[in-house]
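Listed below, chain by chain, are the residues.
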Amino acid sequence: FRHTTINARARVRRMLEADGPEGVFAEVARLHSDHVSRTYLEILMEESDLTEREYARVIEVAGGIDSDHTKGELLLSVVQRAGMRPAFQDPMLRVADSIESDHQKMRVLQALLDSDLSVDQFDEVLRVASRIDSDHNLGEVLRTVASRSDLSVAGRASFLAAVRSIDSDHTRGMVIHAFLDEGAASDGEILSLLEMTEGMGSDHQRGEVLQRIAREHRLTGAQVAAFLASARRIDSDHQMQVTAQALMENPGFATDDPRLVLDLASQVDSDHSRAMILHDLIRSRELSTSEVEELLDVASGIDSDHQASVTLVMLAEDESLDARGVEALLEAAGLVDSSHQRAQVLLAVARMYELDGERLALYEELAGSLSRHEQEQALRAIRRNRPRS
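None of these values were measured; they are calculated from a predicted model.

Draft legend 1. Looking closely at the packing of aromatic side chains. Inspection of the entire model under this criterion finds 2 aromatic pairs. With a centroid separation of 5.1 Å and 20° between ring planes, the pair formed by Phe 159 and Phe 179 is classed as stacked. Of the two residues, Phe 159 is situated in helix H10 (residues 153-164) and Phe 179 in helix H11 (residues 169-181); the sequence distance between them amounts to 20 residues. Exposure remark for Phe 159: the relative accessible area of 1% places this residue in the buried category. The ring of Phe 25 carries Arg 57 above its face, with NZ or CZ at 4.6 Å from the centroid.

Shown next, in the form of structure tokens:
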């Protein structure tokens, strides 16, 4: 009978009538089957109105069960019947630590996290969770932890260390987003998150984290270096474009150095994507002369004459160029092979700026390289040029 569940309910009832719950605990101590032990204890909880101490005794007995599945199910039965009372939390944490099964450990820790834990208990949950090998199960625990705002400083450090141990790009990204949802990350924590993205193989997952951080947090000092180190590993031109655009969506970008955006744009192979980044940068703020020169250097890597000329025309129409900027723009126009596209740039310059001296000479030299019709258009445009107020 001690190896099977034959007549288990009747036997438990007899034990209860004779010796109460203590009689059932004494019988369970004699059993050699995890399944039978769990069955007796489940029946005990069904048939008797146990005290808090007796429920705690069930948790203690569960700790001695070898089967992780049986142990986990028994602990969750206690929670289902009696709730996660403060008196259960520490004993259940100790038993959870002894569970080898990632899935069962995760389920018990989740039940604990659904209760009011102390700061020390939160830290202990993270310590126990750090022993979970499965990315999925660890991620589920960490997502729940991330939604809580009462982690200690040490607990937050332990949390980030656990996130770093996740190999799955999808799971790591999911946990990082859950952490960012709380909105209280320190500068040091943002730096840690940026460093974690560098190990991601997925352009999509890496890009989504970088883009969110770029939109929501001002990057300074070591954060800028970490952001660039990770972003430069993105192979997808689309993800690189969206990441650069996210930087410009940050409310503080108007006072930030646009060289960060230009650095990302220079990594993009697609003419269209590179041009789109430069267009957004031109629209986003007034550029200094040195920034204009750097932008033109990046634009020189655009092979498409159409994309290059559209970019140069947009820069000309920005109306913020000084004399040196106009000269640099004309020099860039000389790199456009297509006569028609080069003419579009010259006409834009003529509409927006008064030229004299070296700039006028450079303009006329470039106009002379155009087709006859376009040359006449460019020269007529510069003769009509008047100072702009």
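Draft legend 2. Fine view of the layout of surface pockets. Considered as a void within the structure, the largest pocket measures approximately 200 Å³ in volume. If you list the elements that add at least two residues to the lining of the largest pocket, you get helix H14 (222-231) and helix H16 (259-265). Per element, the largest residue contribution to the lining of the largest pocket is 3 residues, and it comes from H16. Across the lining of the largest pocket, the residue classes tally to 7 nonpolar, 2 polar and 5 charged. Of the voids in this model, the second largest pocket is the one considered here, and its volume is about 170 Å³.

Draft legend 3. Just helix H7 (residues 102-113), in detail. Taking 1.5 Å per residue, 12 residues should reach 16 Å; H7 reaches 16 Å between its end C-alpha atoms and fits that length. Counting buried positions along H7 gives 10 out of 12 residues, so the element sits mostly inside the fold. Each element contacted by the buried residues of H7 is listed here: helix H5 (68-82), helix H6 (86-98), helix H8 (119-129) and helix H9 (135-146).

Draft legend 4. Representation of the side chain of Arg 274 in the model. Among the structural elements, Arg 274 can be located in helix H17 (residues 271-284). From its side chain, Arg 274 meets the backbone oxygen of Ser 266 in a polar contact 3.1 Å long.

Draft legend 5. Spatial organisation of the pattern of salt bridges. Enumeration according to the criterion identifies 30 salt bridges in this entry. The partner of Arg 212 in a salt bridge is Asp 181, with the nearest N and O atoms 2.7 Å apart. Residue Arg 212 is located in helix H13 (residues 203-216), and its partner Asp 181 is located in helix H11; the two are separated by 31 residues in the primary sequence. Here Arg 285 makes a salt bridge to Glu 291, at a shortest N to O gap of 3.4 Å. On the basis of relative accessible area, Arg 285 is assigned to the buried category, the value being 19%. Sharing partners across several salt bridges, the network here consists of Arg 9, Arg 13, Arg 38, Glu 42, Glu 46, Glu 47 and Arg 81.

Draft legend 6. Examining the nonpolar core more closely. Counting residues in hydrophobic clusters, the biggest one holds 135 residues, and the most contacted among them are Leu 109, Leu 142, Phe 159, Leu 193, Phe 227 and Tyr 363. In this view, Phe 159 contacts Leu 126, Leu 142, Val 145, Ala 146, Leu 151, Val 175 and Phe 179; residues no more than four positions away in its chain are not counted.

Draft legend 7. Structural view of the side chain of Lys 71. Relative to the helices and strands, Lys 71 is located in helix H5. Of the side chains with opposite charge, Asp 68 lies nearest to the buried Lys 71, which makes no salt bridge, at 4.6 Å. Setting aside its immediate chain neighbours within four residues, Lys 71 contacts Ala 62, Gly 63, Ile 65, Val 95, Ser 98 and Ile 99.

What counts, and at which threshold
Residues numbered from 1 in each chain as written. Predicted model: local features only at pLDDT ≥ 70, side-chain atom pairs only at ≥ 80, totals over all residues. Heavy atoms only, no water. Phe/Tyr/Trp six-rings, centres within 6.5 Å; stacked < 30°, edge-to-face > 60°. Helix = DSSP H or I, 4+ residues; strand = E, 2+ residues; numbered from the N terminus. Buried < 20%, exposed > 50% of the residue type's maximum accessible area, 1.4 Å probe, protein only. Lys NZ or Arg CZ within 6 Å of the ring centre and 35° of its normal. 1 Å grid on protein atoms, 1.4 Å probe; cavity = no way out; pocket = protein on both sides within 12 Å on 5 of 7 lines; lining within 4 Å. Points joined across faces, edges and corners; volume = space filled by probe spheres on them. Nonpolar A, V, L, I, M, F, W, Y, C, P; charged D, E, K, R; others polar. Expected span 1.5 Å × (residues − 1). Contact = heavy atoms within 4.5 Å. Polar contact = N/O pair within 3.5 Å; in protein donor to acceptor, adjacent residues only side chain to side chain. Salt bridge = Lys/Arg side-chain N within 4 Å of Asp/Glu carboxyl O. Core = buried A, V, L, I, M, F, W, Y, C linked by side-chain atoms within 4.5 Å. Lys, Arg positive; Asp, Glu negative; His and termini not counted.

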